[in-house]
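Results of the structural survey
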Amino acid sequence: MLAYDWNISEKLHLKIEPYYQYLYNIPIVENSTNSLLNLQNDWFVNNTYVNNGNGQNYGIDLTLEQYITNGFYYLISASVFDSKYKTSTDNWYNTRFNKNYLFNALAGKEFRIGKNKQNLFDVNLRMSVQGGDRYSVIDQNNSALEQDVVYNETNPFTEQAKTSFVTHFTINYEWYKKKTTQKLSFKILNATNYKEFLGHRYNIKTNIVDEHREALIVPNISYKISF
């Protein structure tokens, strides 16, 4: 890994980090494309693994941060990357987690209010954009025979779901007394009601495989008092 830090000004900071990671002795199933690097939500495995696999990750991370100035601040981070693995087939494949890019942005504004400007009101917005989840080509014929989702794993994780876009919104109000500090917060997670990709399901009514997506908006109100 290399890192370059640049204080553009007293309030603005940029960081650039290119990296390369090589993995070896990864557990794999011989003569297949099965690697533990892709393990996800599987509590039990029945295969026999040998430590003959490899993997590699490389990319670049960028972070731009403005420290709070006149009540305003922001943080922008971006990552472009590639994640591959290899089994005994001696071919490199996308890992399950090879989303290729990720972008986050956080911005907020603070306001001093009250008779003596002793109270604090702030608004924050966070946005996340990232490449879609990886999955293998669906074997439609075998899925129809099994009435379940069957993937063609001979060349895994070549397909990718659509780009995800998620936002979170927060409002805080904090006021101060002689002996106490009180804070009231209102948060909305997934404010844009994005439907998260959760894999595929076989539809027995239409006899086809459908994407399974769910959206969950989480509002939250909290109150805290400190003595």
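Data block above holds the structure.
The structure contained in this document is the topic of the report that follows. A quick note: this is a predicted structure, and the numbers were derived from the prediction, not measured.

**Things to note about the overall build of the protein chain**
When you go through the protein chain residue by residue, the secondary structure sums to one helix and 16 strands. At 24 Å, the protein chain has a C-alpha radius of gyration far larger than the 17 Å of a compact globule built from 227 residues. Overall, the C-alpha framework of the protein chain stretches about 70 × 50 × 30 Å when taken along its three principal axes. Considering the protein chain as a whole, with its 227 residues, one finds that 31% of them fall into the buried category. In the protein chain, of all internal contacts separated by at least 6 residues, the share reaching a separation of at least 24 is 58%. As presented, the protein chain carries roughly 14900 Å² of accessible surface, and 54% of it is formed by carbon and sulfur atoms. Between the mean site of the 23 positive side-chain charges and the mean site of the 22 negative ones, the protein chain shows a separation of 17 Å.

**Here's the deal with the environment of Thr163**
Relative to the assigned elements, Thr163 resides in the loop between β11 (159-160) and β12 (164-176). Sequence spacing of Thr163 and Ser222 is 59 residues, and the spatial spacing of their C-alpha atoms is 32 Å. A polar side-chain atom of Thr163 sits 2.5 Å from a polar atom in the side chain of Tyr101.

**Observations regarding the packing of aromatic side chains**
In this structure the tally under the stated criterion is six aromatic pairs. When the ring of Phe111 is compared with that of Phe121, the centres are 6.3 Å apart and the planes differ by 35 degrees; the resulting orientation is tilted. In this pair, Phe111 is assigned in strand β6 (residues 101-113) and Phe121 in strand β7 (residues 119-130), connecting sequence segments 10 residues apart. Note on Phe111: relative accessible area 36%, which makes it partly exposed.

What counts and how
Every chain is numbered independently, its residues counted from 1 as its sequence is written. Where local features are concerned, this predicted model is filtered to residues with pLDDT of at least 70; where side-chain atom pairs are given and counted, the filter is 80 or more; whole-chain, interface and lining totals use all residues. Side-chain descriptors were evaluated using all non-hydrogen atoms of the structure, hydrogens and water having been removed beforehand. By the criteria applied, helices consist of DSSP H or I runs no shorter than four residues and strands consist of E runs no shorter than two, each listed in order from the N terminus. The size measure is the radius of gyration over C-alpha atoms, and the globule rule it meets is 2.2 Å times the number of residues to the 0.38 power. The buried label applies to any residue whose accessible area, calculated with a 1.4 Å probe on protein chains only, is under 20% of its type's maximum; exposed applies above 50%, and partly exposed to all values in between. The criterion used for residue contact is that any of the two residues' heavy atoms lie within 4.5 Å. Only the protein chains shown count as covering a residue, and every accessible area follows the Shrake-Rupley method with a 1.4 Å probe. When charges are counted, neither His nor the chain ends are considered; positive counts come from Lys and Arg and negative counts from Asp and Glu. Every charge is mapped onto a representative atom, which is NZ of Lys, CZ of Arg, CG of Asp or CD of Glu. The definition of a polar contact used here is a pair of N or O atoms within 3.5 Å, where within protein one atom must be able to donate a hydrogen and the other to accept one, and adjacent residues in sequence count solely through side-chain atom pairs. Any pair of Phe, Tyr and Trp rings, taking the six-membered ring for Trp, is counted once the centres come within 6.5 Å. Such a pair is stacked with planes under 30 degrees apart, edge-to-face with planes over 60 apart, and tilted for the rest.

None of the figures reported here should be taken as evidence of function without further support.
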